[in-house]
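Each chain, written out:
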Amino acid sequence: MSRSLLTLNDISPKELHQIFKKAKTFKAKIKEHKVINTLQGRVVGLFFEKPSTRTRVSFETAVARLGGKTVYLPSGESQQSRGESIKDIAQTLGSYLDALVARVYIHKTVEELARYAGIPVINGLSDLTHPTQIICDLFTILEIKQKLKGLTLAYIGDGNNICCSLFMGAAMTGMNMTAACPEGYHPNKDIFRNAEQIAEKTKAKLKIVENPKDAAKDADILYTDVWVSMGQEKEREKRLKAFEGYQINADILKLAKKKASVMHCLPAYKGLEITEDIIEGPQSIIWQQAENKIYGAAAVLDFILQ
Ligand code: CP
Ligand code: NVA
């Protein structure tokens, strides 16, 4: 039976840790240019409705490193641009490919792809969640801090797809998380409630506040993301106003623990949600976080296609 990864809910906390273990192994092997053949003979499609620097290239490279092949299909070059239904696209692509990585505007689209493709579908970002990003991010935190449980992550900014998946990941791993989001930009209520239910078991403390200083105080990790996500370009002016004061900069970093790390999934808009000195500063783990996307992608593919 094909197994998709549409949200972190599709894997158990135990499986999440298995994926971290695989990522560590692949990181060592790929860095040493060892030959890996776990995806030999497999073809993975990348169906992207939105642009991407990291997710596309990390998945393409991961498949190549594991001995498989990829087909990149930007949706604008598919018949979707002329009105072909997702159901028909899914049925067709499913008969050619072994798995599909999809980046979509509306979360329902990845659900529909998974329903009709008959092959595993990996969500490479939807408006609601970005599960593979958070797998790579948690793996990065594990590398730096040697643990997840009991740490406190402060997310500052928009309660978007990244914030929602971070809440899920924090809940699953027992990591505390406080998100500081302005009124009207809080994370999706159902996802937060679901994360709270998971957290009952792991004892992760999850909170939403409105003052970024309250979140940053004594945090182990500060995390931010863009104020205007893909698909929200028309709201740009309104959003820039709403998020004033929600920037990760030297002043806010002073409130966190002395050895706190700073994360951003990228792309970053320097001078808006984060300042350049912080991105390039000694506490930034952003470039390690970006690099780890390939090892996370390799681990997810190996887990899904095992
Ligand atoms: N972080 C991330 O998903 O980046 P891309 O949009 O470049 O894929
Ligand atoms: N929230 C951002 C994440 C980009 C990786 C977006 O959806 O555009």
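See the structure above.
Residues numbered from 1 in each chain as written. Chains lettered and ligands numbered in written order. Predicted model: local features only at pLDDT ≥ 70, side-chain atom pairs only at ≥ 80, totals over all residues. Heavy atoms only, no water.

1. Regarding unusual backbone geometry
Put simply, the rule is: The helix and strand labels rest on DSSP assignments: H or I over at least four residues marks a helix, E over at least two residues marks a strand, and numbering proceeds from the N terminus.
Note the cis peptide between leucine 266 and proline 267, where omega equals 5°. Look at lysine 203: it is not a glycine, yet its phi comes out positive at around 70°. Checked against the element boundaries, lysine 203 lands in the loop between α7 (189–202) and β7 (206–209).

2. Topic: the site of ligand 2
This is how the line gets drawn: By convention in these notes, a residue is near a molecule or strand provided one of its non-hydrogen atoms lies within 4 Å of it. Polar contact is defined as a pair of N or O atoms within 3.5 Å, subject to the rule that within protein one atom must be able to donate a hydrogen and the other to accept it, and that residues adjacent in sequence are counted only when both atoms are side-chain atoms. Residue-level accessible areas treat just the shown protein chains as cover; the underlying method is Shrake-Rupley with a 1.4 Å probe. As a working rule, the residues Ala, Val, Leu, Ile, Met, Phe, Trp, Tyr, Cys and Pro are called nonpolar, Asp, Glu, Lys and Arg charged, and the rest polar, with Gly in that last group.
All residues adjacent to ligand 2 are Leu125, Asn160, Asn161, Asp225, Val226, Ser229, Met230 and Leu266. At 2.7 Å, a side-chain N or O of serine 229 approaches a nitrogen atom of ligand 2. One nitrogen or oxygen atom from the main chain of methionine 230 is found 2.8 Å from an oxygen atom belonging to ligand 2. Relative to its unbound accessible surface of 270 Å², ligand 2 loses 95% to contact with the protein. Of the residues in the shell around ligand 2, the class split is 4 nonpolar, 3 polar and 1 charged.

3. Considering the site of ligand 1
All residues in the neighbourhood of ligand 1 are listed as Ser52, Thr53, Arg54, Thr55, Arg103, His130, Gln133, Cys265, Leu266 and Lys293. Between ligand 1 and threonine 53 there is a distance of 2.7 Å, counted from an oxygen atom to a backbone nitrogen or oxygen. In the environment of ligand 1, an oxygen atom lies 2.8 Å from a nitrogen or oxygen atom belonging to the backbone of arginine 54. Relative to its unbound accessible area of 260 Å², ligand 1 is 96% covered by the protein chains. Across the shell around ligand 1, the residue classes tally to 2 nonpolar, 5 polar and 3 charged.

4. Some remarks on the sheet that holds strand β6 (residues 176–180)
Worth spelling out the cut-off: Any two strands between which DSSP finds at least two bridges are classified as paired. Axis definition: a line fitted to C-alpha atoms, over the contacting stretch in the case of helices. Angles run 0 to 180 degrees between N-to-C directions.
Within the open sheet, the 5 strands sit side by side as β7-β6-β5-β8-β9. Their pairing is parallel. The open sheet has two edge strands with one neighbour each: β7 and β9 (261–264). Between one strand and the next, the sheet's axes are offset by a mean angle of 20°, whatever the strand orientation. Taken together, the 4 bridges between strand β8 (residues 221–224) and β9 define a ladder with parallel strand orientation. Bridging from a neighbouring strand, isoleucine 221 pairs with serine 261 of β9.

5. Details of helix α6 (residues 161–173)
Rules: An expected span of 1.5 Å times one less than the residue number is assigned to each helix. Here the term buried applies to any residue with accessible area under 20% of the maximum for its type, exposed to any over 50%, and partly exposed to those in between, with areas from a 1.4 Å probe on protein chains only.
For α6, built from 13 residues, the straight-helix expectation of 18 Å at 1.5 Å per residue is met to within 8% by its first-to-last C-alpha distance of 18 Å. α6 sits mainly inside the fold: 13 of its 13 residues count as buried. Its side-chain oxygen placed 3.1 Å from the backbone nitrogen of isoleucine 162, asparagine 160 serves as the N-cap of α6. Glycine 174 lies just past α6 and shows a positive phi near 80°.

6. Considerations on the pattern of salt bridges
The test is simple: One speaks of a salt bridge when a side-chain nitrogen belonging to Lys or Arg is within 4 Å of a carboxyl oxygen belonging to Asp or Glu.
Counted under the stated rule, the structure contains 14 salt bridges. Among the ionic pairs, aspartate 218 bridges to lysine 217, the shortest N-O distance being 3.2 Å. According to the relative accessible area criterion, lysine 217 is exposed, its value standing at 53%. Taken together, the shared-partner salt bridges connect Asp158, Glu235 and Arg239 into one network.

7. A closer look at the packing of aromatic side chains
Applied cut-off: Any two of the Phe, Tyr and Trp rings considered here, Trp counted by its six-membered ring, make a pair once their centres fall within 6.5 Å; the pair's planes then place it as stacked at under 30 degrees, edge-to-face at over 60, or tilted in between. Over a ring means this: the NZ of a Lys or the CZ of an Arg is within 6 Å of the ring centre and within 35 degrees of the ring normal.
Applying the stated criterion across every chain yields a total of 6 aromatic pairs. Note on phenylalanine 167 and phenylalanine 192: the rings are 4.8 Å apart at their centroids and 75° apart in plane angle, and the pair reads as edge-to-face. Placement of phenylalanine 167 in helix α6 and of phenylalanine 192 in helix α7 is noted, with a sequence separation of 25 residues between them. Like phenylalanine 192, phenylalanine 167 is buried. Among the aromatic residues, those joined into a ring-pair cluster are Tyr185, Trp227, Phe243 and Tyr246. The cationic tip of arginine 56 hangs over the ring face of tyrosine 72; the distance from NZ or CZ to the ring centre is 3.4 Å.

8. Overview of the nonpolar core
Heads up, the rule is: Definition of nonpolar core: a set of buried residues of the types Ala, Val, Leu, Ile, Met, Phe, Trp, Tyr and Cys, connected through side-chain atoms within 4.5 Å. The contact definition used throughout considers only heavy atoms, calling two residues in contact when any of these lie within 4.5 Å.
Within the largest apolar cluster, 65 residues are counted, with the highest numbers of intra-cluster contacts made by Met177 and Leu206. The element best represented in this core is helix α12 (residues 286–305), accounting for 10 residues. In contact with leucine 206, not counting residues within four places along its chain, are Phe167, Ala170, Ala171, Met175, Met177, Phe192, Ala195, Glu196 and Ala199. Core analysis: the next-biggest nonpolar cluster, separate from the first, contains 26 residues, Tyr185, Val228, Tyr246 and Val262 among them.

9. Description of the environment of lysine 258
One can find lysine 258 in the loop between α10 (250–255) and β9. C-alpha separation for the pair lysine 258 and aspartate 218, spaced 40 residues apart in sequence, amounts to 8.3 Å.

Keep in mind these values describe shape, not function.
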